[in-house]
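Descriptive analysis of the structure
So the chains spell out like this:
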Amino acid sequence: GTDLGVDTITVQAAIAAYQLALTMGWDATAVFKKLLGNICVVGGTADLPGLRTRLRNSMVIRMREKIQASREAHQSDPQVPVLPNVVDCVHVLPAPCKGSDIVWKGGELMAGLAGFPASLQEKLPRSV
């Protein structure tokens, strides 16, 4: 089945932003790092002991899988970009969240993309 957990969809959103940044000529790696370094989970189960650590660890695993897949795809087709290894940048923050944070609340990706162009915000997955 398709894994649509918060970890997976956050990584998918960051990859979508990275790919869009590449096509727009922006600093794609900086966008990638900013998104993955400012993840804020609030509400409900967000305060369970260890949740943020487990989410971060799970996201690092997902990122490593995606980076490896991008390397393999690049070997078959050099036009496919290799994702930068930014797993050390992944941080899951407690509330309160800043406007630049990627904010998850109750499984919904909330408006927390201040500073990113509307064209980027419109292309990101929104819910799990």
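Residues numbered from 1 in each chain as written. Predicted model: local features only at pLDDT ≥ 70, side-chain atom pairs only at ≥ 80, totals over all residues. Heavy atoms only, no water.

On a plain count of helices and strands, the chain comes out with 4 helices and 4 strands. Expressed as a percentage of its 128 residues, the buried residues of the chain come to 40%. The long-range fraction of contacts in the chain, counting pairs at least 24 apart against all pairs at least 6 apart in sequence, stands at 62%. Put simply, the chain shows about 6900 Å² of open surface, and 54% of that area lies on carbon and sulfur atoms. (Helix = DSSP H or I, 4+ residues; strand = E, 2+ residues; numbered from the N terminus. Buried < 20%, exposed > 50% of the residue type's maximum accessible area, 1.4 Å probe, protein only. Contact = heavy atoms within 4.5 Å. Areas by Shrake-Rupley, 256 points an atom, 1.4 Å probe, with all protein chains shown as cover.)

A few words on helix 1 (residues 6-24). The end-to-end C-alpha distance of helix 1, which contains 19 residues, comes to 27 Å, matching closely the 27 Å that a straight helix rising 1.5 Å per residue would cover. Along helix 1, the residues classified as buried are D7, T8, I9, T10, V11, A13, A14, I15, A17, Y18, L20 and A21. (Expected span 1.5 Å × (residues − 1).)

Moving on: the confidence of the model for the chain. Taken residue by residue, the chain gives an average pLDDT of 78. The fraction at 70 or more is 73%. The model gives residues 110-115 a pLDDT under 50, and that stretch makes 18 contacts with residues more than four places away or in other chains. (pLDDT = per-residue confidence, 0-100.)

Let's shift gears to the packing of helix 1 against helix 3 (residues 51-76). One can describe the packing of helix 1 onto helix 3 by two numbers: an axis separation of 9 Å at closest approach and a directional angle of 50 degrees. In this view, helix 1 runs oblique relative to helix 3, as classed from their interaxial angle. Crossing hand, helix 1 versus helix 3: right-handed. Side by side, helix 1 and helix 3 meet where V6, D7, T8, T10, V11 and I15 of the first sit next to L55, S58, M59, R62, M63 and K66 of the second. Across the contact of helix 1 with helix 3, the residue classes tally to 6 nonpolar, 3 polar and 3 charged. (Axes fitted to C-alpha atoms, helices over the stretch in contact; angles between N-to-C directions. Parallel < 35°, antiparallel > 145°, perpendicular 65-115°, else oblique. Left-handed = near helix turned anticlockwise from the far one by under 90°. Nonpolar A, V, L, I, M, F, W, Y, C, P; charged D, E, K, R; others polar.)

A full pass over the atoms with the stated rule returns 2 salt bridges. When the shortest N-O distance is used, the salt bridge between R62 and D7 registers 3.3 Å. A residue pair is termed long-range when its members are at least 10 positions apart, and R62 in helix 3 and D7 in helix 1 qualify at 55 residues. Residue classification places R62 among the partly exposed residues on the basis of a relative accessible area of 21%. Of the residues examined, D7 reaches a relative accessible area of 9% and is grouped as buried. Between R62 and E65 there is a salt bridge, and its shortest N-O distance comes to 3.6 Å. (Salt bridge = Lys/Arg side-chain N within 4 Å of Asp/Glu carboxyl O.)

Under the criterion given, the structure shown has 1 aromatic pair. Aromatic side chains Y18 and F32 sit 5.0 Å apart centroid to centroid with 40 degrees between the ring planes, which places their arrangement in the tilted category. In this pair, Y18 is assigned in helix 1 and F32 in helix 2 (residues 28-37), connecting sequence segments 14 residues apart. F32 matches Y18 in its accessibility class, with the two residues each being buried. (Phe/Tyr/Trp six-rings, centres within 6.5 Å; stacked < 30°, edge-to-face > 60°.)

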